[in-house]
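# What the coordinates show
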Amino acid sequence: MTTGFKKYIYAFFITTAIFITAIFLSNYFSQKRLNEIKNIESRIAIDILASETQFALLEELSCGDIGNTFLSKELNELGEKLSYTEENRGSDDLEVLNLKRYYSLLQIKDFLLYQKVKQRCGVPKGVLSPIIYFYSNEDGECDDCEKEGFVLTRLREEYPEFRVYSFDYNLDLGALATLINIYGIEKDLPAILLNDRLYYGFRSLDEMKTLLPELKKIDAARLKEAGKATSTKQ
Amino acid sequence: MTYIFLFIALYFEVFLLINYFELVDNENKLEVGNGDKAKIAPDFFPSVSIIVPVWNEERTVSKTIFSLLNLDYPKDKLSILVVDDGSTDNTWQVLQGFAMDSRIKLLSKQNGGKHSALNYALEFINSDLVGCLDADSYVSKNALLKITPHFKEEEMMAVTPSIIVFEPKGILQMMQKAEYMFGIFLRRVFSHLGAIYITPGPFSIFRRSVFNQIGEYRHAHNTEDMEIGMRMQKNGMKIGNAHDAYVYTSTPSSIRALYKQRLRWVYGFIRNAFDYKDMFFKPQYGHLGVAILPAAGFSIVSTMYIFGSNIIDLGSSLFTKIKEIYTVGLYFGDLNLDLFYFDTSIILFISLTTILGTLYIIATSRKLAGEKGKFGLDSLLFIILYTIIAPFWMSRAIFNAVFARETKWR
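Rules used throughout
Residues numbered from 1 in each chain as written. Chains lettered and ligands numbered in written order. Predicted model: local features only at pLDDT ≥ 70, side-chain atom pairs only at ≥ 80, totals over all residues. Heavy atoms only, no water. Helix = DSSP H or I, 4+ residues; strand = E, 2+ residues; numbered from the N terminus. Rg over C-alpha atoms; globule rule 2.2 N^0.38 Å. Buried < 20%, exposed > 50% of the residue type's maximum accessible area, 1.4 Å probe, protein only. Contact = heavy atoms within 4.5 Å. Areas by Shrake-Rupley, 256 points an atom, 1.4 Å probe, with all protein chains shown as cover. Lys, Arg positive; Asp, Glu negative; His and termini not counted. Charge placed at Lys NZ, Arg CZ, Asp CG, Glu CD. Salt bridge = Lys/Arg side-chain N within 4 Å of Asp/Glu carboxyl O. Phe/Tyr/Trp six-rings, centres within 6.5 Å; stacked < 30°, edge-to-face > 60°. Lys NZ or Arg CZ within 6 Å of the ring centre and 35° of its normal. Axes fitted to C-alpha atoms, helices over the stretch in contact; angles between N-to-C directions. Parallel < 35°, antiparallel > 145°, perpendicular 65-115°, else oblique. Left-handed = near helix turned anticlockwise from the far one by under 90°. Nonpolar A, V, L, I, M, F, W, Y, C, P; charged D, E, K, R; others polar. Buried area = accessible area lost by both parts, 1.4 Å probe. Polar contact = N/O pair within 3.5 Å; in protein donor to acceptor, adjacent residues only side chain to side chain. Domains from an automatic or database assignment.

It is worth spelling out the overall build of chain B at this point. A tally of regular secondary structure across chain B gives 12 helices and 8 strands. By the compact-globule yardstick of 22 Å for 410 residues, chain B fits well, its C-alpha radius of gyration being 23 Å. Here the C-alpha coordinates of chain B stretch approximately 80 × 55 × 40 Å along the principal axes. Taken over 410 residues, chain B has a buried fraction of 50%. In chain B, of all internal contacts separated by at least 6 residues, the share reaching a separation of at least 24 is 82%. Counting every atom, chain B has about 19,900 Å² of accessible surface; 61% of that belongs to carbon and sulfur. The positive charge centre, built from 41 side chains, and the negative charge centre, built from 39, are 2 Å apart in chain B.

Further remarks concern the pattern of salt bridges. Counted according to the given criterion, the structure contains 31 salt bridges over all chains. Between Glu167 of chain B and Lys169 of chain B there is a salt bridge, with its nearest N and O atoms 3.9 Å apart. Residue class for Lys169 of chain B comes out exposed when judged on its relative accessible area of 59%. Among the charged side chains, a salt-bridge network with shared partners connects Arg154 and Glu157 of chain A together with Lys321 and Glu324 of chain B.

All right, on to helix H8 (residues 224-234) of chain B then. Residues and elements named next belong to chain B. When you tally the buried positions in H8, you get 10 out of 11 residues, the bulk of the element. For H8, every residue scored as buried is listed here: Glu224, Asp225, Met226, Glu227, Ile228, Gly229, Met230, Arg231, Met232 and Gln233. A positive backbone phi angle near 70° is found at Gly236, which sits one or two residues after H8.

Under the counting rule described, the total for this entry stands at 31 aromatic pairs over all chains. Summarising the aromatic geometry, the rings of Tyr8 of chain A and Phe15 of chain B are spaced 4.5 Å apart at their centres and angled 25° between planes, so their arrangement reads as stacked. Remark: Phe15 of chain B occurs in helix H1 (residues 2-34) and Tyr8 of chain A occurs in helix H1 (residues 2-58); the pair is interchain, linking two chains. What makes Tyr8 of chain A buried here is its relative accessible area of 12%. Phe15 of chain B sits in the buried class, given a relative accessible area of 1%. Between Phe206 of chain B and Tyr217 of chain B the ring centres are 6.4 Å apart and the planes differ by 90°, which places this aromatic pair in the edge-to-face class. You can see Phe206 of chain B sitting in strand E7 (residues 205-207) and its partner Tyr217 of chain B sitting in the loop between helix H7 (208-214) and H8, a full 11 residues away along the chain. Here a set of aromatic residues connected by ring pairs shows up, and it is made of Phe12, Phe13 and Phe19 of chain A together with Phe7 of chain B. Sitting over the ring of Phe202 of chain A, Lys147 of chain A keeps its end group 4.6 Å from the ring centre. Directly above the aromatic system of Tyr138 of chain B lies the positively charged group of Lys63 of chain B, at a separation of 5.1 Å from the ring centroid.

All names here are of chain B. At a minimum axis distance of 11 Å, the contact between helix H6 (residues 170-193) and helix H9 (residues 255-275) shows a crossing angle of 30°. The orientation of H6 relative to H9 falls into the category roughly parallel. The interaxial crossing formed by H6 with H9 has left-handed handedness. On H9, the residues touching Leu172, Met175, Gln176, Glu179 and Tyr180 of H6 are Ile255, Leu258, Gln261, Arg262 and Trp265. Of the residues contributing to the contact of H6 with H9, the split by class is 6 nonpolar, 2 polar and 2 charged.

Moving on, we get to the interface of chain B and chain A. With 34 residues of chain B at the contact, the number on the chain A side is 34 residues. Both faces considered, chain B and chain A share a buried interface measuring about 3,200 Å² in area, 70% of it formed by carbon and sulfur atoms. Between chain B and chain A we count 3 salt bridges in total. Where chain B touches chain A, the interface holds 14 residue pairs in polar contact (both at pLDDT 80 or more). Looking at the side of chain B that touches chain A, the elements that each hand over two or more residues are H1, H6, helix H10 (286-328) and helix H11 (346-368) of chain B. Looking at the side of chain B that touches chain A element by element, the count peaks at 10 residues for H1 of chain B. The residue makeup of the side of chain B that touches chain A, split by class, is 20 nonpolar, 9 polar and 5 charged.

Here we come to the environment of Gly227 of chain A. Residues and elements named next belong to chain A. By secondary structure assignment, the location of Gly227 is in helix H7 (residues 213-233). The partly exposed category is assigned to Gly227, whose relative accessible area is 37%. C-alpha separation for the pair Gly227 and Leu205, spaced 22 residues apart in sequence, amounts to 25 Å.

Quick look at the packing of H9 of chain B against H10 of chain B now. Residue and element names in this part refer to chain B. It is at 11 Å that the axes of H9 and H10 come closest, and there the two elements cross at 130°. The angle between H9 and H10 places the two elements in the oblique class. In this structure, H9 meets H10 at a crossing whose hand is left-handed. On the side of H9, the interface is formed by Val266, Phe269 and Ile270, while H10 contributes Leu293, Ala296, Gly297 and Ile300. Counted by class, the contact of H9 with H10 contains 6 nonpolar, 1 polar and no charged residues.

Residue and element names in this part refer to chain A. Considered domain by domain, chain A is made up of domain 1 (1-122) and domain 2 (128-234). Between domain 1 and domain 2 we count 2 salt bridges in total. At the junction of domain 1 and domain 2, the tally comes to 6 residue pairs in polar contact (both at pLDDT 80 or more). Put simply, the parts of the chain that give the side of domain 1 that touches domain 2 at least two residues each are helix H2 (75-89) and helix H3 (94-121). With 13 residues, H3 is the single largest residue contributor to the side of domain 1 that touches domain 2. Class assignment for the residues of the side of domain 1 that touches domain 2 results in 8 nonpolar, 5 polar and 5 charged.

Following this line, the structure appears as structure tokens:
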């Protein structure tokens, strides 16, 4: 049984080695993901800073020089990736929490920049009114948040130019608490802030499109485009 | 919990592979030492009796008997006993076609189950060796010649063959083809470990003295070939394997027939395992007691656990998807191929390693079974289908075992 016993030990060591390798690989890729999120966050921070600087420089000049590209294009992608990471690592993960706080700050900065441009020059052409969405992941706090999430995700998919700033109401972040105070947002979730108006409770896809008439305009334009393409083919 | 299951499953796979490599290494050393001895013609021909128990097998029994008559073995050393276990079709009439052959003895009795047919035939047998061949199986010409030399070893009390699916057609039989080949690998490794605990109905050969020493076949929850194997092991009897002795067996072609057969097997295993529970985790039964029997039990539990957790995950994803469709309707956006979203969890890496090990075993099994390619459609069907359908008969077998509901042969 001595040689037989040795085989059990060998098998144990090999299995343990495979497990340790798997843990190492999984952590390695997980860390790579976090780094990618950090990189996107840095890029967005630079984008915002660049736009703010550009805006400061142009303040004395004409609004015509501000195009529709002043807002960062990567916020949506960042949101999706962060939410995927949160699902996998858990919402209690410290690194996830830090990234989420930073993401929330970037969203607030991006929104403030939008507000600044809007006040100074009005809404630039091709830029849709953004939505600020408050949700909660805590059990029993928001039964409709999952459904509202589906609606907003769908709007983002159908209209990539549409911006949704989503905030975890319970996130421990001073700037977020200030934003909540400024707009007087109550913990009656889901809550949506659109064009300085607050909407509480679930809003369906159709209701959202009614609240955002620009989306209907985009639909009409797309329909017209499709019609043109068909007639050209004929 | 999932990690524990994965660790044990992977551990067992590694253990099997270590033993397989050791076995191949031993054989290579032996071949080098023996030179051409292995090629010398056999000179050892103990007398052999083969029992063919039949029950309503009018369509296949002739082919089974012809394959036995065709065996490459001295004619005066081989006798065939066909036992009609109270067939209600034309089996007995079909058997009359062999009545004039001096090598064949036809027996008939009232229906009492396979074990009773085997025991009835044993009363007429006093040859050195005795074997059984189910009436839906056929032997290759040299199968017996490959098996009998193993009995030169005095301690060898039984030898099992390699079983191959006969002319597989359709998805289910293709899946079983790979599964049976997998069995060839397992039996080979188990034999190396002295841990074979099933002497399959198709052409396992025993010393006649086995039945004198430990008694005849038992009903054993309709899995008498498992029980006799376990009883032999309990009595310290050696069971070997002749991996190059091929036996072909017909397998169920319908899901219903397959389900019933597997239900009988798994139920039989659970009940026999319970009857022989004192062999589990006991070092005096060698690797069988310490590893193989516990691993066989574990494989049922782990299959059920993985199936259960997959069902829960799938159900939860489906529920979320339905909620989404109900809320915002169907939408087919662009497929997101961003590497960021690729699963890189620990479970994935461990599962991939386990699958790699399984693929290696499949490729080795195919080589052992004399198949050409390393992988075939059957391998793919086995990996994908088996894990999906096996839990159905396993769960029913567990239910039946808990509530002591006997299974039927057909």
